Amino acid sequence: MFKTLRNDVDVVLDQDPAARNRLEVIINYSGVHAVWCHRLAHWLWNRKLYFIARFLSQVSRFFTGIEIHPGARIGQRLFIDHGMGVVIGETCEIGNNVTIFQGVTLGGTGKEKGKRHPTLEDNVLVATGAKVLGSMRIGKNSRIGAGSVVLKEVPPNSTVVGIPGRIVVQDGVKVQNDLDHINLPDPVSDKFRALEQELLRVKKEIKELKREQSQRS
Ligand SMILES: CC(C)(COP(=O)(O)OP(=O)(O)OC[C@H]1O[C@@H](n2cnc3c(N)ncnc32)[C@H](O)[C@@H]1OP(=O)(O)O)[C@@H](O)C(=O)NCCC(=O)NCCS
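Since the model is a prediction, treat every value here as computed from it, not as a measurement.

Thresholds applied
- Residues numbered from 1 in each chain as written.
- Predicted model: local features only at pLDDT ≥ 70, side-chain atom pairs only at ≥ 80, totals over all residues.
- Heavy atoms only, no water.
- Core = buried A, V, L, I, M, F, W, Y, C linked by side-chain atoms within 4.5 Å.
- Buried < 20%, exposed > 50% of the residue type's maximum accessible area, 1.4 Å probe, protein only.
- Contact = heavy atoms within 4.5 Å.
- Disulfide = S-S within 2.5 Å.
- Helix = DSSP H or I, 4+ residues; strand = E, 2+ residues; numbered from the N terminus.
- Polar contact = N/O pair within 3.5 Å; in protein donor to acceptor, adjacent residues only side chain to side chain.
- Pairing = 2+ DSSP bridges.
- Near = heavy atom within 4 Å.
- Areas by Shrake-Rupley, 256 points an atom, 1.4 Å probe, with all protein chains shown as cover.
- Nonpolar A, V, L, I, M, F, W, Y, C, P; charged D, E, K, R; others polar.
- Expected span 1.5 Å × (residues − 1).

Trainee: What's the story with the nonpolar core in this structure? I'm lost.
Mentor: Nonpolar side chains in soluble globular proteins tend to end up buried together. Residues Ile-88, Ile-100, Leu-106, Val-126 and Ile-138 are the most contacted members of the largest nonpolar core, which totals 27 residues. Residues within four places of Ile-138 in sequence aside, it is in contact with Thr-119, Leu-120, Glu-121, Val-124, Val-132, Ile-144, Val-150 and Val-154. Counting eight residues, the second largest nonpolar core, distinct from the first, contains Val-11, Val-12, Ala-19 and Val-25.

Trainee: Looking at this structure, how should I read the state of the cysteines?
Mentor: Disulfide: a covalent bond connecting the sulfur atoms of a pair of cysteines. A full pass over the atoms with the stated rule returns zero disulfides. In this structure Cys-37 is a free cysteine whose sulfur lies 18 Å from that of Cys-92, the closest cysteine sulfur available. Taking the relative accessible area as the measure of exposure, Cys-92 reaches 1% and is therefore buried.

Trainee: Looking at this model, I keep getting lost on the side chain of His-42. Mind explaining?
Mentor: Note that His-42 resides in helix 3 (residues 30-46). Taking relative accessible area as the criterion, His-42 reaches 17% and is therefore assigned buried. A polar side-chain atom of His-42 sits 3.3 Å from the main-chain carbonyl oxygen of Ala-72. When sequence neighbours within four positions are dropped, the list of residues in contact with His-42 reads Pro-70, Gly-71, Ala-72 and Arg-73.

Trainee: What am I meant to see in the pairing of strand 14 (residues 158-161) here?
Mentor: Each regular strand shows side chains that alternate between the opposite faces of the sheet. Sheet topology places strand 12 (residues 143-144) next to strand 14; two bridges connect them, and they run parallel. Considered in strand 14, the bridge of Ile-144 is made with Val-160.

Trainee: Where do I start with the site of the ligand in this structure?
Mentor: In the region of the ligand, the neighbouring residues are His-82, Phe-101, Gln-102, Ala-127, Thr-128, Arg-143, Gly-145, Ala-146, Thr-159, Val-161, Val-168 and Lys-174. The contact in question runs from an oxygen atom of the ligand to an N or O atom on the backbone of Thr-128, over 2.8 Å. One nitrogen or oxygen atom from the side chain of Lys-174 is found 2.6 Å from an oxygen atom belonging to the ligand. Isolated, the ligand exposes 920 Å² of accessible area, and the fraction of that covered by the protein chains is 50%. Among the residues forming the shell around the ligand, the class breakdown is five nonpolar, five polar and two charged.

Trainee: Got a minute to help me understand the sheet that holds strand 4 (residues 86-88) in this structure?
Mentor: Pairing between the strands of a sheet is mediated by backbone hydrogen bonds and can be parallel or antiparallel. Spatial strand order, 1-4-7-10-13: five strands in an open sheet with parallel pairing. The sheet is open, and its two borders are formed by strand 1 (66-68) and strand 13 (149-150), each paired with just one other strand. In this sheet, strand 13 lies alongside strand 10 (residues 131-133) in parallel orientation, the contact comprising two bridges. Among the inter-strand pairings, Lys-131 is bridged to a residue of strand 13, identified as Val-149.

Trainee: Would you mind going over the environment of Val-126 with me for this structure?
Mentor: The residue Val-126 is located in strand 9 (residues 125-126) in this model. Each C-alpha atom of the pair Val-126 and Gly-162 lies 13 Å from the other, and the pair is 36 residues apart in sequence. Sequence-distant contacts of Val-126, defined by excluding residues within four places in its chain, comprise Thr-99, Ile-100, Phe-101, Val-104, Leu-120, Val-132 and Ile-144.

Trainee: Would you mind showing me how to read helix 3 here?
Mentor: One turn of the α-helix equals 3.6 residues, which is why residues spaced by three or four share an orientation. Between its terminal C-alpha atoms helix 3 stretches 24 Å, which fits the 24 Å expected from 17 residues at 1.5 Å a residue. Looking at helix 3, one finds that the buried residues are Gly-31, Val-32, Ala-34, Val-35, His-38, Ala-41, His-42, Leu-44 and Trp-45. Where helix 3 is buried, its residues contact helix 1 (2-15), helix 2 (22-28), helix 4 (50-64), strand 1, strand 2 (73-74) and strand 3 (79-80). Directly beyond the C-terminal end of helix 3, a positive phi value near 65 degrees is found at Lys-48.

The quantities given are spatial measurements derived from coordinates; they are silent on function.
Next up, the structure:
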């Protein structure tokens, strides 16, 4: 247990250049306080002390601005930087060495039951304001860009940005997306073009019918 608590402090020293020493991290980092409260709340949750577990989670939310449902399973060295506005749902699973910034939601879509929140594999980074919604897997070493909304599975070693989230880098290689922002499709003129073709075909058919009729008479 002490190793886990020590890891929770050391990950901040490793990742945040602003953190100077362990005492400063223990006293001033709300992300660490939220993770520690969660570890206790999760322990209570696993012993079916649901009410007290949820109460502790809400007290932690009041002081840190970070809401982690006591049912969520989190691994070693979770770093929640700044923290305010983070929500982590009940059936979330978070691997080791995961980093989460302020304003992140790991939530459900409202359409699923049972496992309805995402699973983050090891070394995932979820940047500020990103929303990861639904019971999908974010593969190891993947990065979710600031402000993205991710609704689908993300393979390992990917960078995802935008709404809805799309993969822009995979295994260190830029992914070509077919989005042409200048030559956007125009469905109205496409429809007119199709009607024009249809009109030409009908005209040709009438012309042939008239010719056949005049030949017979
Ligand atoms: C996604 C992120 C992690 C960087 O990933 P990366 O693998 O280095 O990717 P790149 O910077 O090479 O960007 C790849 C493409 O995605 C675009 N992109 C990057 N981040 C983006 C974002 N949040 N939203 C939309 N597009 C984004 C880039 O412009 C680039 O597009 P281009 O290829 O057309 O030029 C980073 O951009 C990010 O969002 N960091 C936020 C960190 C954070 O939360 N900081 C808060 C501190 S308080």
